[in-house]
Structures are given as structure tokens and as C-alpha cells.
Amino acid sequence: MAGTATEDVKVLGLALSPFVIRVRIALRLKRVEYEFVEVRFAEPKSEILVKSNPVYKKIPVLLHRGKPICESTVIVQYIDEEWTDGSGSSSILPADPFDRAIARFWAVYIDDKLLALIWALRPEKEAAKVTELTRQFRQVLGLLEEAFPECGKGKGFFGGDAVGYLDIALGSCLGWIRALEKDKSVKILDAEELPRLAEWAERFMAEESVKGLVPEADEYPKLYAAAVASQ
Amino acid sequence: MARAAAEDVKVLGHLLSPFVIRVLIAFRLKRVEYELVDVRLAEPKSEILVKSNPVYKMIPVLLHRGKPICESSVIVQYIDEEWSDDGGSSSILPADPFDRAIARFWAVYIDDKLPYLIRALRWEKEAAKVTELVGQFRQVLGRLEQAFTECGKGKGFFGGDAVGYLDIALGSCLGWIMALEKGKSVKLLDAEELPPLAGWAERFLAEESVKGLVPDADEHLKVYEVATARTSATPAA
């Protein structure tokens, strides 16, 4: 479905949120135009956010024809199913049910482990704890490094030839990973330890559908401060 | 799709896990035969469990033609897609993308709130804290009742005329809800407070695809300890 009118599709969010980035990459892959509406996430939250996501009051929210959809993985699957071209060429989830299950599983894993580590590491100042969290982080990424050949079937992305669901789930976190590496002077996505992931990360960040959506590492401190600032 | 031979389809798990029940209901809806394999969850865990779910070592695991799939919501969607009659009568997720998104959202919400509340309530001994947890539980169920009105579109289930994804996600927790109500002498799914949801629960448990899969309160209490509340007047152990 070509060029939906911009006013039909709104994304409520902030640029630094991996969850929001996921939705924006998915819309780019489908070539769907949308209006990006930056919202106040810290209290008092934007009224449109509270109204459209009363349960969690979190970002992202996709508003399609005024109807809200919440939770990034739910939104990405909605985008995949709503803007389908039948032939599968811009399909975000793989075609085969087993491959879909594997992609979904690893996305659950990422949301379970990786995001928690990002939020834990960000404020951590104690050296020993930073070391421990970094170690856990590398362990989590290690499992994804092992999973990469099976998912990607020897191609350049978890989704195969093209960026797919799992690429989006993990790739959306790369900005934070790079930001934390810089801020804490640690190596998380270590190219020596995780060569496949390191190469994949470069490929991912160079993709048309991704360019400009993942902030640079040194933008994060400012973006984060703005996101949590009280009015 | 005709029935898969039972040896093709194994489910690792047991009936006292809501997550396992979800998978079994899904198979019943698709009329797919399976073999339920009980596994050891306490250390040392069963080898087959560790081998097929090395990441989490948790149940359920679906083994289809020897290939493992983990995480109940992932498994249920796999079952829906693998044994698909192309969005026909036995479809677990709704047909419309927006309805699917709403069903998935509420299933995420259920998994976010209920397992924690079930666990917390199960072990809580202090009466005041029990009351607080019961309050939270009822609030969550209250939200789900609102979702029921929105999703069911006036029909008998979250999925409309038939049991669907969200019915399975919530219905699989009914055994534990009833066990906690009995074990702790509290009301969680209160028919006076939430009549539509109470009606839904009765309908759900009476469904052919569900009968026998949700153990009753006593079955749970036989196997699982549920801490009884003490009043503040009772000295702590």
C-alpha cells in the first residue's frame, strides 16, 4: 500500500527510545509516511500519551486513523500485517512459521534481558558493578551471536537478505549500547568477542531504513536529560 | 490440515502451569494430537528440558518434528500459523490486524501483571499486604473486563464467537485464580464486581477445548503450598 497520507499515521515517542526506533524502522521498511510526535514522557506526561496509552502511559504509541496501538513488538507486527503487499517482499517477520517463532522468541529474550541491562548500566557508577553488568551484557549478546547463523541462514541479517523483525528488535538498541560503551569506557559489542554481531551492526546502521533513526552515541546524554527533565 | 501424528508433537510441561495450559488449549482448538511430557523443573532439571530450552530451561517447550519452540505466546502463535486453515474457523488470533494488535497487547499486559501477582499473593502471609495484593489483582481484572467489552464485540469470548488468543492467555490463569481464592479465602474474580468477566470464565471453563485442562483449586492446593494469611495479632513464625 503506497504512501498513506501522513495525517493517518502518527507515532508518539522520543528519538532515544529503542522501542520507538523499532516502530520508525518498520514504517520506513513499508514506505509508510507518518508524523512523528515528540511527547513528554516525564511527569506531567503529554495528554495525548496518557489518553492513547492509559494502561502504561509509555512510548511508543502508534495512532492509525486515530486508533492507538501500544507495545513496540505489537506495533511492529501490526505494521507488518496492515501494510502487507501480499508478495512478501517487504515482509518484516519471516514467511515460515518456525522461523517466525524463532524470531519472536529472540525478541522476547532481548526485551527480557537486554533492555533491563541498559537501564541498569546507565546510572551505575560503581566500577565493580559496571564490570559485572558489562559481563552480563556480553553474555546476552553472546547468545544472539550464536543464534545469528541459524536465523540469518548465512545471509547478512537475522532476517536473511533484508532487515527483519529480529534485526529491528536488537538493532534499535545499538544506539544505547554505543552510548554506554562511551560513557562507561567499556566494550560491550566487542568485535573480537562477537565478530558476527559487530559486522551485522555495521551493516544494520548503514541500511536506508535505519539511517538517521538511531542517534549517535554522544547525543544520548543530552537526549536522556531532556527526556527525564521535570517541567 | 489433518491431525499430526502424536509422535511429531511433544509438549514439555504439566497442567499446573498456565503457560503450558495455553499450548494445550491451542492444540485442542486445532484438533492436533500431542504428547504431554512431564519434566523435572527443580535441579537437576530434565535433560530434554535443558537441551530444548537452553536459554530459559522453563516450560512449556513445544517440540515439533524434534525442533523446539519456547515461550507460551510464541508457541500459541506458531500453532495458529503452522496449523492454519487460512484464517478460517479455527483461527486463534483474529483476522483483522487491528484486532490482532489489541489481542496481543492485552496478552502482554496479562503476562506483565498476573504471574507476578499470583506469585506474590501465593506467598504473602501478612493480612494487610494480602489485602493490598488482592486490590491490585482486582484492578487488573477490572481492566481486563473493559478489554472484554472492547474485544468481544458483544459476543461470548474475547475472541468473539469462539475462544481465541486472549481467552487462552487469561483463561489459562483461572486455575491459579481459583486456587488462591480458596487457599487464602479471598475473592479475586468477584461475580458481583465483574459480572461479564465472571460469565466469561464460566463459559471458558465449559468449552470442549478447555475441559479437563484447567485443574480445579484443590488440585493446585494439593501440590502447591499457598501461604495462609495471618492477622497482625498472630505472632510471626
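By the naming in an unreviewed UniProt entry, chain B goes by Glutathione S-transferase and is assigned to Zingiber officinale. The heading Subcellular location (unreviewed entry) in the UniProt record of chain B holds the text "Cytoplasm, Cytosol". Looking at chain B in UniProt, the text filed under Function (unreviewed entry) is "Is involved in the conjugation of reduced glutathione to a wide number of exogenous and endogenous hydrophobic electrophiles."

Chain A is annotated in an unreviewed UniProt entry as glutathione transferase from Zingiber officinale. Listed under Sequence similarities (unreviewed entry) in UniProt, the entry text for chain A is "Belongs to the GST superfamily. Tau family." In UniProt, chain A has this text filed under Catalytic activity (unreviewed entry): "RX + glutathione = an S-substituted glutathione + a halide anion + H(+)".

Participant: An account of the interface of chain B and chain A is needed here, citing residue identities and associated values.
Facilitator: Facing the 25 residues of chain B at the interface are 26 residues of chain A. Across the chain B to chain A interface the summed buried area is about 2,300 Å²; carbon plus sulfur atoms make up 69%. Looking at the side of chain B facing chain A, the largest losses of area belong to Tyr 56, Phe 98 and Phe 105 of chain B, adding up to 25% of the total buried there. Taken together, chain B and chain A are joined by four salt bridges. Between Arg 100 of chain B and Glu 81 of chain A there is a salt bridge, with its nearest N and O atoms 2.8 Å apart. Put simply, chain B and chain A have eight residue pairs in polar contact (both at pLDDT 80 or more) between them. Of all the secondary-structure elements, those providing two or more residues to the side of chain B that touches chain A are β4 (67–70), α3 (72–82) and α4 (97–123) of chain B. Take the side of chain B that touches chain A: its biggest share by element is twelve residues, from α4 of chain B.

Cut-off values and rules
Residues numbered from 1 in each chain as written. Chains lettered and ligands numbered in written order. Predicted model: local features only at pLDDT ≥ 70, side-chain atom pairs only at ≥ 80, totals over all residues. Heavy atoms only, no water. UniProt positions renumbered as here; feature names shortened; annotations may be inferred. Contact = heavy atoms within 4.5 Å. Buried area = accessible area lost by both parts, 1.4 Å probe. Salt bridge = Lys/Arg side-chain N within 4 Å of Asp/Glu carboxyl O. Polar contact = N/O pair within 3.5 Å; in protein donor to acceptor, adjacent residues only side chain to side chain. Helix = DSSP H or I, 4+ residues; strand = E, 2+ residues; numbered from the N terminus.

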